[in-house]
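Fold and geometry: a report
Here is how the chains run, residue by residue.
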Protein chains: 2
Amino acid sequence: MVGASAVPGKWGFTILFNILNGGFTGKIFPVNPREKSIMGLPCHASLMDIPEEIDAALIVTPAQAVPAVIDDCGARGIPYAIVITSNFSETGREGARLERIVIDKAREYGMHIVGPNTMGIFSANSFLHALMPTVQPLHGSVSMLSQSGNVGAEMLARGLAEGVGFAKFVSSGNEADITCVDYLRYFGEDEATQVILAYLEGVKPDADLLSVARSVSLQKPIIVVKGGRTRAGEKAAASHTGAMGGAATIYRGIFRQAGMIEVTSSQRLMDSARVFAHCPIPRGNRVAIITRGGGWGVMAADACEENGLVVPPLPQEIINEVDTLLPPYWSHGNPIDMVAVTAAEPFLKCMELLTNWDGVDAVITAGAFNRMAVTYSERSRVPAECRQAMAASGDDRFATVFAALQRMIAETGKPVIDVMLFPREEEKNGVPGYRPVSFPNTDRAVQALTALVQYGTFLKTQGAAAGIS
Amino acid sequence: MVGASAVPGKWGFTILFNILNGGFTGKIFPVNPREKSIMGLPCHASLMDIPEEIDAALIVTPAQAVPAVIDDCGARGIPYAIVITSNFSETGREGARLERIVIDKAREYGMHIVGPNTMGIFSANSFLHALMPTVQPLHGSVSMLSQSGNVGAEMLARGLAEGVGFAKFVSSGNEADITCVDYLRYFGEDEATQVILAYLEGVKPDADLLSVARSVSLQKPIIVVKGGRTRAGEKAAASHTGAMGGAATIYRGIFRQAGMIEVTSSQRLMDSARVFAHCPIPRGNRVAIITRGGGWGVMAADACEENGLVVPPLPQEIINEVDTLLPPYWSHGNPIDMVAVTAAEPFLKCMELLTNWDGVDAVITAGAFNRMAVTYSERSRVPAECRQAMAASGDDRFATVFAALQRMIAETGKPVIDVMLFPREEEKNGVPGYRPVSFPNTDRAVQALTALVQYGTFLKTQGAAAGIS
């Protein structure tokens, strides 16, 4: 790591801190001419002094010093450099000239460059957290390519909070050598990667992007946010990564042809990652809805229709069966409103009926797990014995319902998307593979399901659906 | 409270529990023929046995028993009843007949009825939490009318988590007597109410709704979600509240004419409540954006343009001033990307320039307060002295920045909407009045600002903007 620093507040300090904090399994050699040791590691004055073979150099020096470091890398036969340093082509003509020098040298040495102007990379399998932000991502099956460091950092941090684990991450910076198309191709081949997220600003909407993205999409889903969809956004992007944007409709066409799922907010990118990591791909767009409360059913049905999903009528034979499970004033249709029934058994029996109903491809539940927590203030006049009675009545059926729904999803191949007001640790963490996935409101639940349905439609029209999870 | 219960799991138990837990300032008389006392309160066999004057009856008996209870209310001269009991007009012809009997009796006695089929009411000033859900709402200046109990409960619970306090809440149920138009008129006159939220499913789109909503909107904002915008949603709504929906475009027209702000998700309803409770109303749709990172600027600019907001170019005199505050490679435009500058002073100086710039009506900030928390795992290789150095470098400037922004908002009358990855307790709670309001992503920040701008436009075109906060 060239430009490592012993001074808190300097980026060289923060990144080395993050690498050590992540528990990187390899060796780290800080390089800085003014220090003898940094964070307990012996420090070398130059790359040339390091006594071992080096796999990659992480460069955090001032921009003017980078060409000389690349020369050292070339002399040492280092095949990869991650250039965190900014002030290259993104800042104008002088920076572009310097970037050209760096890249020409790298080509000469047969080196490849991440960046410059990158926030770093992350790789779960070697515990390599070579990032500017202090976030230590959760490990999992999602990989992300970001043409914005802070949008990428937002996703890693939010994933940690929402239970989305990452396999690989790269902030691609100015992409002077390795480009976003290269990263897409790599994620497509990477076995640890099951879902790909991309935040793109400046990418040529050409045949190369289309063909690589299309062939990757046939293997695994790519969900993309394109920054610079509008004139205002495009202007902002031009000053940011130094790359030119382009007409939104051209991108939209390419994304659609390539089977990439376009969303327009970081929240939807994250929500899509969660469902793709844990849901089977639905075979169509028909949705059953079951709720503990009519309003959620109405909001979910509206959102479904507004997003191109279909809420088909309940067949008479299912109505007859549900009649034996719920009070006579249940909704008698799809959505099934269970009215005020809070027990687990009738809900799970209804879910058996709905997941096995061949008229639908997915099920949305609202209130499947809900347990309203009781808080007591100083003003509370509730006597102690009633507090005990209330606590005892709060039968927590989370584990039972979760396991039953997992089984139904595995047996029927239909996703179950849930609305749960507040996330629970049990739902967020751990459990890999197929499972119900919860969102805090109907809008996000339906949007996430829509992404799954769009991808299912792509696979179906490509006749290549077999074997994709 | 008629139909109060000593049995946990029964709704009569839960509601009485919630009333006591909320610390209601008035007297409560449980009524149940089979109990001597409930939750430490003496229990009466009938309304007729209560030895004091009664202001309101809360009814939780089976539906068939409600007419007789109304007779008792009439005999006692009770002016209001809240009928929690369901199984009335929402369940079909027989229920409708029973509901008619109840309402005819109430009219005869000069009584007014909330419901039936309501989840209850909440009033902050008497600490009355007469609700089926156990949520104890935060107290504040937002009032809500909900034609769905569970959508309403979601908002109260989410408000508690997101720092949105309520003055009044009503789940209006079947509206057999008091209707949503009555509640709107009441909230319009209520001094404790500054912002009105409504979830509507079945409301006649007539001149009465238009004229009441319009006259209230001129005093305070009404933000509405209309359930049943689509055919699927309308069908679901018909089976839910027993009310007929109607064509979405008719409602949209009425909402627009009345100055009501329509949103389509519960999250946006909540987000709107937060900004209306704490932001001045902007005088136009022009937005300055300042970020610590280019990607957020791009995403915010895209979202602004997609929502009809304008991101005007930065005038040369502001560019010249910012040149003295930021490194030479800052974005030189709107959005201002502060690149990797993390100090508070240059940010606040830029904010002075932006809030005082007469070319914009609002400012969006991203990363104003951000402080990335560091976590340490078992794998961490960071030595103790570096942990200390890292902790010491994490200068927390929250209070300084918050106070400075509060002052700028008050002085310039321009809202400041912030993007903060994770909410902080200091930001969520307490501070009433004008202040910066934070959202976890650019999308929600821009949507919330858009609601403010829409309302500002309504007031401006009505020439009635004076004195509205």
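Quick notes on the rules
- Residues numbered from 1 in each chain as written.
- Chains lettered and ligands numbered in written order.
- Predicted model: local features only at pLDDT ≥ 70, side-chain atom pairs only at ≥ 80, totals over all residues.
- Heavy atoms only, no water.
- Salt bridge = Lys/Arg side-chain N within 4 Å of Asp/Glu carboxyl O.
- Helix = DSSP H or I, 4+ residues; strand = E, 2+ residues; numbered from the N terminus.
- Buried < 20%, exposed > 50% of the residue type's maximum accessible area, 1.4 Å probe, protein only.
- Contact = heavy atoms within 4.5 Å.
- Buried area = accessible area lost by both parts, 1.4 Å probe.
- Phe/Tyr/Trp six-rings, centres within 6.5 Å; stacked < 30°, edge-to-face > 60°.
- Pairing = 2+ DSSP bridges.
- Right-handed = clockwise from strand over helix to strand, strands pointing away.
- Expected span 1.5 Å × (residues − 1).
- Polar contact = N/O pair within 3.5 Å; in protein donor to acceptor, adjacent residues only side chain to side chain.
- Axes fitted to C-alpha atoms, helices over the stretch in contact; angles between N-to-C directions.
- Parallel < 35°, antiparallel > 145°, perpendicular 65-115°, else oblique.
- Nonpolar A, V, L, I, M, F, W, Y, C, P; charged D, E, K, R; others polar.
- Lys, Arg positive; Asp, Glu negative; His and termini not counted.
- Least-squares fit on C-alpha atoms with pLDDT ≥ 70 in both.
- pLDDT = per-residue confidence, 0-100.
- Disulfide = S-S within 2.5 Å.

Looking at the pattern of salt bridges
Residues and elements named next belong to chain A. For the structure on display, the rule yields 34 salt bridges over all chains. The partner of Asp190 in a salt bridge is Lys168, with the nearest N and O atoms 3.0 Å apart. With Asp190 in the loop between α5 (180-189) and β10 (195-200) and Lys168 in strand β9 (residues 166-171), this pair connects stretches of sequence that are 22 residues apart. Among the salt bridges present, the one from Arg185 reaches Asp182, with a minimum N-O distance of 3.2 Å. Taken together, the residues Arg185 and Asp182, both in helix α5 and three residues apart, mark about one turn of the helix. The exposure class assigned to Arg185 is partly exposed, which follows from its relative accessible area of 33%. Here the salt bridges do not stand alone but share partners, grouping Arg158, Glu162, Asp271 and Arg444 into one network.

So, the interface of chain A and chain B
Across the boundary between the two partners, chain A contributes 91 residues, which contact 93 residues of chain B. With both chains or domains summed, chain A and chain B bury close to 7,200 Å², and 60% of this area falls on carbon and sulfur atoms. Considering only the surface of chain A that becomes buried against chain B, Met299, Arg379 and Arg381 of chain A emerge as the three largest contributors, covering 10% of it. Across the chain A-chain B interface, the total number found is four salt bridges.

Considerations on the packing of aromatic side chains
In this structure the tally under the stated criterion is 14 aromatic pairs over all chains. Considering the side-chain rings of Phe17 of chain A and Tyr376 of chain B, the 6.0 Å spacing of their centres and the 75 degrees angle between planes classify their relative orientation as edge-to-face. Taken as a pair, Phe17 of chain A in helix α1 (residues 11-22) and Tyr376 of chain B in the loop between β15 (362-366) and α13 (384-393) lie in two separate chains rather than in one. Measuring from centroid to centroid gives 5.4 Å for Phe398 of chain B and Phe402 of chain B, while their planes differ by 25 degrees, and the two rings are stacked. Here the residue Phe398 of chain B and the residue Phe402 of chain B both occupy positions in helix α14 (residues 398-412), the gap between them amounting to four residues, near one helical turn. Across the pair, exposure class does not vary: Phe398 of chain B and Phe402 of chain B are buried alike.

Looking at the pairing of strand β10 (residues 195-200) of chain B
Residue and element names in this part refer to chain B. When you tally the buried positions in β10, you get six out of six residues, the bulk of the element. The alternating pattern of β10 places Val195, Leu197 and Tyr199 and Ile196, Ala198 and Leu200 on opposite faces, both of which are buried. Across five bridges, the pairing between strand β8 (residues 139-146) and β10 is parallel. From the neighbouring strand, Met144 faces β10, where its bridge partner is Leu197. Remark: the β10/helix α6 (residues 207-217)/strand β11 (residues 222-226) crossover connection has right-handed handedness.

A closer look at helix α16 (residues 442-461) of chain B
Compared with the 28 Å implied by 1.5 Å per residue over 20 residues, the 28 Å span of α16 of chain B between its first and last C-alpha is a close match. A side-chain oxygen of the first residue of α16 of chain B lies 3.3 Å from the backbone nitrogen of Asp443 of chain B; this N-cap is Asn441 of chain B.

A closer look at the environment of Val195 of chain A
Residues and elements named next belong to chain A. Checked against the element boundaries, Val195 lands in strand β10. You can call Val195 buried: its relative accessible area is 1%. Along the sequence, Val195 and Arg274 sit 79 residues apart, while their C-alpha atoms lie 9.3 Å from each other. When near neighbours in sequence (up to four residues on either side) are disregarded, Val195 contacts Ser141, Val142, Ser143, Pro221, Ile223, Ala273, Phe276 and Ala277.

Points about the packing of helix α10 (residues 294-306) of chain A against helix α4 (residues 149-162) of chain B
At a minimum axis distance of 5 Å, the contact between α10 of chain A and α4 of chain B shows a crossing angle of 90 degrees. Put simply, α10 of chain A runs roughly perpendicular to α4 of chain B. Residues Gly294, Gly295, Trp296 and Met299 of chain A of α10 of chain A form the contact with α4 of chain B, whose own contacting residues are Asn150, Val151 and Glu154 of chain B. Of the residues in the contact of α10 of chain A with α4 of chain B, the class split is three nonpolar, three polar and one charged.

Some details on the environment of Met420 of chain A
In this fold, Met420 of chain A is placed in the loop between β16 (416-419) and α15 (425-428). Separated by 338 residues in sequence, Met420 of chain A and Ile82 of chain A place their C-alpha atoms 41 Å apart.

A closer look at the side chain of Glu175 of chain B
Residues and elements named next belong to chain B. Inspection of the secondary structure puts Glu175 in the loop between β9 (166-171) and α5 (180-189). Here Glu175 occupies a buried position and makes no salt bridge, while the nearest side chain of opposite charge, Lys204, is found at 9.5 Å. A polar contact of 2.6 Å, which involves the side chain of Glu175, links it to the side chain of Ser172. Not counting the four nearest positions on each side in its chain, Glu175 is found in contact with Gly115, Leu145, Gln147 and Cys180.

Considerations on the sheet that holds strand β11 (residues 222-226) of chain A
Within the open sheet, the seven strands sit side by side as β7-β6-β9-β8-β10-β11-β12 (chain A). Their pairing is mixed. The sheet is open, and its two edges are formed by β7 (128-131) and β12 (261-262) of chain A, each paired on a single side.

Describing the side chain of Ser123 of chain B
Following the sequence through the fold, Ser123 of chain B ends up in strand β6 (residues 120-123). Ignoring sequence-local partners within four residues, the contact set of Ser123 of chain B consists of Leu128, Ala167 and Lys168 of chain B.

Observations concerning the relation of the copies chain A and chain B
The two chain copies are related to each other by a rotation about an axis together with a translation along it. Superposing chain A onto chain B takes a rotation of 180 degrees combined with a translation of 0.0 Å along the rotation axis, leaving an RMSD of 0.0 Å. A rotation of that kind, with that shift, is consistent with a two-fold axis. A shared binding surface is used by both copies, with 100% of the interface residues of chain A retained as interface residues in chain B.

Observations concerning unusual backbone geometry
Residue and element names in this part refer to chain A. A cis amide bond links Gly115 with the next residue in sequence, Pro116, at an omega value of -5 degrees. As for its position among the elements, Pro116 is in the loop between β5 (112-114) and β6 (120-123). At Met39, a position not held by glycine, the phi torsion is positive, near 50 degrees. Relative to the elements of secondary structure, Met39 occurs in the loop between β1 (37-38) and β2 (41-42). The class for Met39 is buried, based on a relative accessible area of 9%. The phi dihedral of Asn87 falls on the positive side, at around 75 degrees, and the residue is not glycine. Among the secondary structure elements, Asn87 is positioned in the loop between β4 (80-83) and α3 (93-109). When its relative accessible area of 29% is taken as the criterion, Asn87 is described as partly exposed.

Looking at the environment of Gly333 of chain B
Residue and element names in this part refer to chain B. Topologically, Gly333 is positioned in the loop between α11 (316-323) and β14 (336-337). The class for Gly333 is buried, based on a relative accessible area of 15%. Each C-alpha atom of the pair Gly333 and Leu314 lies 5.3 Å from the other, and the pair is 19 residues apart in sequence.

With respect to the sheet that holds strand β3 (residues 56-59) of chain A
Residues and elements named next belong to chain A. The sheet built from three strands is open, its strands ordered β3-β4-β5 with parallel pairing. Of all the strands in the sheet, the pair left with one neighbour each is β3 and β5. The average angle at which neighbouring strand axes cross in this sheet is 20 degrees, direction not considered. Note that β4 and β5 share three bridges and pair parallel. Note that in β5 the partner of Ala81 across the bridge is Ile113.

Section: the confidence of the model for chain A
All names here are of chain A. Residues of chain A with pLDDT of at least 70 account for 94%, and the chain-wide mean is 91. Scored below 50 in pLDDT, residues 465-469 shows nine contacts in the model against residues more than four places distant or in partner chains. Scoring the predicted complex yields pTM 0.93 and, for the interface, ipTM 0.92.

Remarks on the pairing of β9 of chain B
All names here are of chain B. Judged by how many residues are buried, β9 sits mostly within the fold: six of six residues are covered. Relative to β9, β6 runs antiparallel, the two being bridged by four bridges. Directly across from Gly120, in β9, lies its bridge partner Ser171. A crossover links β8 with its parallel partner β9, the connecting element being α4, and its sense is right-handed.

Re the state of the cysteines
All told, the structure shown has zero disulfides over all chains when counted by the stated rule. In this structure Cys279 of chain B is a free cysteine whose sulfur lies 14 Å from that of Cys304 of chain B, the closest cysteine sulfur available.

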